[in-house]
Amino acid sequence: MIVSKANELTANLKKVTNINGTNFIDYYKVLGVDRSVDVSGIKKAYRKLALKYYPEKNVNEDTRDVFAKIAEAYDVLTSAETRAIFDQYSHQGLFHGVPARENEFPGYLGYKFHGDPYVVFEEFFGGKNPFEDFFSVHTESGHSTTKFGSKFGGLYGMNNVNPLNEGVSEEEKETLQRVKIYGKKKDDSITHELKVTLEELYFGVVKKMKVTKKELNDDNITTSTIEKILTIEIQPGVRENTLITFKNEGDQGPNVIPGDIIFKIVQTPHEYFTRKGDDIIYKKKIGLVEALTGSIQKIVCMDGRILNIPVNEVVSEGYEKVVIGEGMPILGAEGKKGNLVISFSVEFPRSLTQEQKRLVRRALS
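Residues numbered from 1 in each chain as written. Predicted model: local features only at pLDDT ≥ 70, side-chain atom pairs only at ≥ 80, totals over all residues. Heavy atoms only, no water.

Moving on, we get to the sheet that holds strand S13 (residues 279-287). The 4 strands are arranged S12-S13-S17-S16 in an open sheet whose pairing can be described as mixed. Across the chains shown, the open sheet's two edge strands, defined by having one partner strand only, are strand S12 (273-276) and strand S16 (320-323). The sheet shows a mean angle of 30 degrees between the axes of neighbouring strands, taken without regard to direction. (Pairing = 2+ DSSP bridges. Helix = DSSP H or I, 4+ residues; strand = E, 2+ residues; numbered from the N terminus. Axes fitted to C-alpha atoms, helices over the stretch in contact; angles between N-to-C directions.)

Right, dumping it as structure tokens:
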């Protein structure tokens, strides 16, 4: 039955339009709809045909060609722009662009199908199992247990066919086996904050995090809760908000792809330093005398070294002194560091005597 239907649709594909030696098909005929059909009708036709001629369900060379043309027709006819161009200018305008004298579609340079009908298929079904009618989750009235896919005889996910084959036709069993990959939907990712100190981001650190997750048992149906240690290696110079992802380490289930476990780097506040990119900011308050006459600033670095930084400039509020190469390690650039930035604030005296004021005027005049 499937083969004969495929041959019938293949015959429709041979009803082509010839333009400059190239043959093109009528997209409406491919989907079996007339030109007045609305978008919902196009989607309904695509759904029916895509499921019927899905190659993994029907191993046939003609079926693969049909499946691809169905996707291309759907891609063209569900876009208001490409459909309007196809309707008005046929394949010539669709593929080669609208004549220059026409300006209804400014910027349109021509259509080209991306060539992957499976992308259209998966986008249409949104990652959902297209055979969901066979695998609906429900609770039977009068019972407290939840059964998966009762049409197939009980608790069996897309990858676990009923081992007793109770109530499963041969066609349904074949469908189960051939499309089981599409029954799986990836679970949502789980994000945890990973708090680290500035010193740990400076030197690098290895963290071991214990997570609790569900793991499939040997029957591939039931799950058990386990604890697992994930090792996180933080390289020197890693920045805050960096995401470290463990692929597919989330909860397992009979009909899901485990989600990812993600750790987000969060830096805890440091007593003296803050970080800006690869630079370390050190805030220093000095008196007016130091601001005017200069000073030597003693700073203990992250690695314990003591720097004596001469400040000979007149320092105003917010002035910054940059010490090259004394900041954070630059990730991926071995041996290189950002800068140490000393940000000054100036503390003025609360009051001056008349004599002090006179001396200041004399010194600055």
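With that out of the way, let us pick up the sheet that holds strand S9 (residues 243-246). One open sheet holds the 3 strands; their spatial order is S6-S11-S9, and the pairing between them is mixed. Of all the strands in the sheet, the pair left with one neighbour each is strand S6 (190-196) and S9. Each strand of the sheet is rotated relative to its neighbour by a mean of 25 degrees, with strand direction disregarded.

Right, let's talk about helix H5 (residues 80-96) for a bit. Relative to the 24 Å expected for 17 residues at 1.5 Å per residue, H5 spans just 17 Å between its end C-alpha atoms, considerably shorter than the ideal helical length. A maximum bend of about 130 degrees is found in H5 at tyrosine 89. Here H5 has its buried residues at Thr82, Arg83, Ile85, Phe86, Tyr89, His91, Gly93 and Leu94. Phi for glycine 97, located one or two positions after H5, is positive at around 100 degrees. (Expected span 1.5 Å × (residues − 1). Bend = angle between axes of the 7 residues up to and from the residue. Buried < 20%, exposed > 50% of the residue type's maximum accessible area, 1.4 Å probe, protein only.)

Further remarks concern helix H3 (residues 39-52). One turn of the α-helix equals 3.6 residues, which is why residues spaced by three or four share an orientation. Across its 14 residues, H3 extends 20 Å between first and last C-alpha, which sits within 8% of the 20 Å expected from 1.5 Å per residue. Within the span of H3, buried status applies to Gly41, Ile42, Ala45, Tyr46, Leu49, Ala50 and Leu51.

Within this structure, the stated rule accounts for 15 salt bridges. For aspartate 87, the salt bridge identified is with arginine 83, shortest N-O distance 4.0 Å. Taken together, the residues aspartate 87 and arginine 83, both in helix H5 and 4 residues apart, mark about one turn of the helix. By relative accessible area, which is 13% here, arginine 83 ends up buried. Its salt-bridge partner being lysine 210, residue glutamate 227 comes within 3.8 Å of it at the nearest N-O pair. Of this pair, glutamate 227 sits in strand S8 (residues 223-234) while lysine 210 sits in strand S7 (residues 205-216), and the two are 17 residues apart along the sequence. Neither glutamate 227 nor lysine 210 differs from the other in exposure class; each is exposed. (Salt bridge = Lys/Arg side-chain N within 4 Å of Asp/Glu carboxyl O.)

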